[in-house]
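Now for the letters of each chain:
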Amino acid sequence: MDQPLGNPRIPLAPPGPHSRCAAAVAEDPVPCEGPHDTATIVDRLGREVAGCVQHCARLLAGLDGARVHPFVPAHHALDIYSRARELPPSAWEIGR
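Read on for an overview of the structure.

Rules behind the numbers
Residues numbered from 1 in each chain as written. Predicted model: local features only at pLDDT ≥ 70, side-chain atom pairs only at ≥ 80, totals over all residues. Heavy atoms only, no water. Helix = DSSP H or I, 4+ residues; strand = E, 2+ residues; numbered from the N terminus. Buried < 20%, exposed > 50% of the residue type's maximum accessible area, 1.4 Å probe, protein only. Contact = heavy atoms within 4.5 Å. Polar contact = N/O pair within 3.5 Å; in protein donor to acceptor, adjacent residues only side chain to side chain.

Some points on the environment of Pro 31
Checked against the element boundaries, Pro 31 lands in the segment before strand 1 (39-42). Looking at Pro 31, the relative accessible area reads 56%, which means it is exposed. The spacing of Pro 31 and His 55 is 24 residues in sequence and 8.4 Å in space, taken between C-alpha atoms. In contact with Pro 31, other than residues within four places in its own chain, are Gln 54 and His 55.

Written out as structure tokens, the structure is:
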């Protein structure tokens, strides 16, 4: 089965009743921030994954050509883009 968003270097956390949002990367120890479906990230192939603001920003920072879904409320989209701009790709690998 294809990895969500088609990036095998970024394995997303498996779903579960007490798990983190779908945008959380399995190796990223940072907890979710807010609801698990606050925003949706769309990769360059059009595949989508919903997540909290924190993990959407962290995912966006590491995916070339990805964007926030156009129906996400503007204040959430701006927060995600602002956070992603400050993060390196795979921020969890360097302790950020």
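Topic: the side chain of Asp 28
Locating Asp 28 in the fold gives a position in the segment before strand 1. Classification of Asp 28 by relative accessible area gives buried; the value is 2%. A distance of 3.1 Å separates a polar atom in the side chain of Asp 28 from the backbone nitrogen of Val 30. Once residues within four sequence positions are removed from consideration, Asp 28 is found in contact with Arg 20, His 55, Arg 58 and Trp 92.

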